[in-house]
Amino acid sequence: MVEPDSLPTEVILTNPRQSLGKLLLDWTPQPGNYLDFEGKTYAVLERRHRYQLKSGRYHLYNVVIYVQKAQRPSEKSLVQGRWVIGDATCDYNAHSEIIRCAVNPEGPCESCRFYENQVIVDS
């Protein structure tokens, strides 16, 4: 029997597409979150819900998350209440939980030769 606060979750690797297995989570995985599963770290790319009809009502049956192998970023910035990868003050930062930027996606931001922070001064 599933505990009320745990979520049956299937983990699917996106490339090559294959099921890595199932587990019970006590948190809701969002795209951009990281998951440690069977000794490896994965970035969550997408989440889908599966429902089942019981007694005339739909109930959440399980969740499927699509992941890719990843390393947890060492650089993060808090932007409007959510964590993004890299230095969010750089003009090139994507403000994303999944990708840092287009010019230096692997990082690090520190000492990046492309770093730009244009400060607009009102005259």
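Residues numbered from 1 in each chain as written. Predicted model: local features only at pLDDT ≥ 70, side-chain atom pairs only at ≥ 80, totals over all residues. Heavy atoms only, no water.

### A look at the pairing of strand β4 (residues 40-54)
Okay, so step 1: As paired elements, strand β3 (residues 34-37) and β4 share four bridges and run antiparallel to each other. The residue bridging F37 from the neighbouring strand is K40, located in β4.
Okay, so step 2: Connecting β3 to the antiparallel partner β4 that follows it, the hairpin turn spans two residues, and E38 within it adopts a positive phi of roughly 50°.
Okay, so step 3: Bridge count between β4 and strand β5 (residues 57-69): twelve bridges; the pairing is antiparallel. Residue pairing for β5: R47 is matched across the bridge by I65.
Okay, so step 4: What sits between the antiparallel neighbours β4 and β5 is a turn of two residues, in which S55 has the positive phi angle 55°. (Pairing = 2+ DSSP bridges. Helix = DSSP H or I, 4+ residues; strand = E, 2+ residues; numbered from the N terminus.)

### Quick notes on the confidence of the model for the protein
Okay, so step 1: Of the residues in the protein, 91% have a pLDDT of 70 or more, and the chain-wide mean is 84.
Okay, so step 2: The least confident element of the protein, judged by mean pLDDT, is strand β6 (residues 76-79) at 79; the most confident is strand β2 (residues 18-25) at 93. (pLDDT = per-residue confidence, 0-100.)

### Some points on the pattern of salt bridges
Okay, so step 1: Summed over the entire model, instances satisfying the criterion amount to three salt bridges.
Okay, so step 2: Across the pair R50 and E10 runs a salt bridge, and its minimum N-O distance is 3.5 Å. With R50 in strand β4 and E10 in strand β1 (residues 7-13), this residue pair connects regions lying 40 residues apart in the sequence. (Salt bridge = Lys/Arg side-chain N within 4 Å of Asp/Glu carboxyl O.)

### A look at the sheet that holds β2
Okay, so step 1: Overall, mixed pairing links the five strands, which are arranged β2-β1-β5-β4-β3 in an open sheet. Pairing within the sheet leaves two strands with one partner each, and these edge strands are β2 and β3. Strand-to-strand twist of the sheet, defined as the mean angle between neighbouring strand axes without regard to direction, takes the value 40°.
Okay, so step 2: Bridge count between β1 and β2: seven bridges; the pairing is antiparallel. By the bridge assignment, L13 is partnered in β2 with Q18. (Axes fitted to C-alpha atoms, helices over the stretch in contact; angles between N-to-C directions.)

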